Amino acid sequence: MGMIFRKIVSRWDELWEDSKKTCVWSFYNIKIKEARNGIMVSSFGVTSKGVETSLYTLKNQNGMVAAVSDFGATLVQIQVPDKDGKVQDVVLGYDDVKGYEAGTLYFGATVGRVANRIGKASFELNGKTYQLTQNDNQNSLHGGRDYYNYRMWETEEVDDNHVTFLLHSEDGDQGYPGNVDIRVTYTLTEENEVKIHYVAVPEEDTLLNLTNHSYFNLSGNGSGTVLDQEVMICADAYTRADAESIPTGEIVPVEGTPMDFRQMKPIGKEIEADYEALHLGGGYDHNWVLNGIGTRKVAAMHSEATGITMEVYTDLPGMQLYTGNFIVRETGKNGAIYEKRHAACFETQYFPDAVHKDHFQGPVVRAGETYDTTTTYKFFV
Ligand code: BGC
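Keep in mind the model is a prediction, meaning the values are calculated, not measured. (Residues numbered from 1 in each chain as written. Predicted model: local features only at pLDDT ≥ 70, side-chain atom pairs only at ≥ 80, totals over all residues. Heavy atoms only, no water.)

A. A look at the confidence of the model for the protein. For the protein, mean pLDDT is 92; residues scoring 70 or higher make up 90% of the total. Low pLDDT (under 50) marks residues 1-12, which in the prediction has ten contacts with non-local residues, meaning those over four places away or in another chain. Within the model, pLDDT remains below 50 along residues 18-31, and this stretch shows 30 contacts once partners closer than five positions in the same chain are excluded. (pLDDT = per-residue confidence, 0-100. Contact = heavy atoms within 4.5 Å.)

B. Looking closely at the domain arrangement of the protein. When cut into domains, the protein gives domain 1 (2-115 + 142-166) and domain 2 (211-380). Tallying the contact residues gives 28 residues for domain 1 and 28 residues for domain 2. Summing the contributions of domain 1 and of domain 2, the shared interface buries around 2300 Å²; its carbon and sulfur component is 60%. Per-residue buried area on domain 1 facing domain 2 is highest for Val 90, Leu 92 and Leu 105; these three make up 27% of the total on that side. (Domains from an automatic or database assignment. Buried area = accessible area lost by both parts, 1.4 Å probe.)

C. Just the sheet that holds strand β20 (residues 230-233), in detail. Taken together, the nine strands give an open sheet; going across it, the order is β13-β14-β15-β16-β32-β26-β25-β20-β23, and neighbouring strands pair in antiparallel fashion. Every other strand in the sheet has two partners, leaving β13 (154-158) and β23 (265-266) as the edge strands with one partner each. Two elements, strand β15 (residues 180-188) and strand β16 (residues 193-202), share nine bridges in a ladder whose sense is antiparallel. In the strand pairing of β16, Ile 182 is matched with Ala 200. (Pairing = 2+ DSSP bridges. Helix = DSSP H or I, 4+ residues; strand = E, 2+ residues; numbered from the N terminus.)

D. Unusual backbone geometry, seen in detail. Across the junction of Gly 112 and Arg 113, the peptide omega takes the value -5 degrees, indicating a cis bond. Inspection of the secondary structure puts Arg 113 in the loop between β8 (110-111) and β9 (117-118). The step from Gly 362 to Pro 363 runs through a cis peptide bond, and the omega angle for that step is -5 degrees. Here Pro 363 shows up in the loop between β30 (344-349) and β31 (364-365). Even without glycine at this site, Ala 73 takes up a positive phi of about 50 degrees. Note on placement: Ala 73 falls in the loop between β5 (65-69) and β6 (74-81). The exposure class of Ala 73 is buried, given its relative accessible area of 0%. (Buried < 20%, exposed > 50% of the residue type's maximum accessible area, 1.4 Å probe, protein only.)

E. View of a negative patch on the surface. A surface patch of negative charge is lined by Glu 157, Asp 159, Asp 160, Glu 190 and Glu 191. Among the structural elements, Glu 190 can be located in the loop between β15 and β16. (Patch = residues over 30% accessible without salt bridge, like charges linked within 9 Å, V, L, I, M, F, W, Y side chains within 5 Å. Areas by Shrake-Rupley, 256 points an atom, 1.4 Å probe, with all protein chains shown as cover. Salt bridge = Lys/Arg side-chain N within 4 Å of Asp/Glu carboxyl O. Lys, Arg positive; Asp, Glu negative; His and termini not counted. Charge placed at Lys NZ, Arg CZ, Asp CG, Glu CD.)

F. Local environment of the site of the ligand. Neighbouring the ligand are the residues Tyr 106, Arg 117, Leu 141, His 142, His 213, Asp 285, Gln 320, Tyr 322, Phe 326 and Glu 347. The contact in question runs from an oxygen atom of the ligand to an N or O atom on the side chain of Arg 117, over 2.7 Å. A distance of 2.5 Å separates an oxygen atom of the ligand from a polar side-chain atom of Glu 347. Protein contact buries 93% of the 310 Å² of open area that the ligand shows by itself. (Near = heavy atom within 4 Å. Polar contact = N/O pair within 3.5 Å; in protein donor to acceptor, adjacent residues only side chain to side chain.)

Following this line, the structure appears as structure tokens:
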């Protein structure tokens, strides 16, 4: 099996080299349209509205691959060679655009304008009340409607290690004020980092809180539960939430609770503990108050089975660790079956419902101000 895989990989390398010189060829099911500035561009299928979508495959010298699509500015694959040299795709997802159009779990999604929840799906800004869509109890979750991950993004820039997608979000989009152009750049570095950089300058005062909703399984997508994989979160506290996952405003120390991830521990170690937050979230689905400010390491995950470790870096104040509690038998890549807790999301963010809490930072961005934030997922073996 290992041999066959290596053959496939080296054939892939040859085709990759060829693709830089020529234009159209196909490899297995992947139709390569062109190689643009060293990046492989393949068809990702046609949407139900007849729109052609593309998959951009970035590759580094260490055998890592990150593939992203203009459909939803979605992170589709992160391939990492494991301790035995076998390549593992460590994010859940689908084979083509049809899967992403039908999927409701936000696999690899770019989420906006405001990721996570806004209580009662409304907010006030400059004396005016804005009504959003109540798509999660009475609240708005991940934009509420017309989700960014179901839209076609313009591919603005393609270079040998990065792709920039652009979305024109208009005044009133999802109920939010102000036109805003949102740019998301995915970069794969030679240091084995997948960097996600968001930049937006709204024309009017508005709210912005973008995140990436990738579901990580460092033993490989489709390998089953992540409960035995270890996680660390550099946070002394988390934001307590109510039964609808809206923060109460309390900042609760993690010390002595199952929310304490300051030392690496298996995700499953205390997930079934008799603790209010775990009952309400059906497992981990909470915002951690990240220690420190500026760009810093905020979390890590490790699989003993593959030897793969991931570190998470961000400049944002919060992060949702969501352990896939609501996945119900989802068919993904190559027919893989994903179930509850088969992955974990590390969604960096301003705290949920920050617009209603004076002591939570963000997410108001004033007209002409630059919203600029970067989250990096870095891999080691
Ligand atoms: C939320 C979960 C939700 C998941 C998928 C996470 O960000 O916190 O409650 O089920 O996204 O929508």
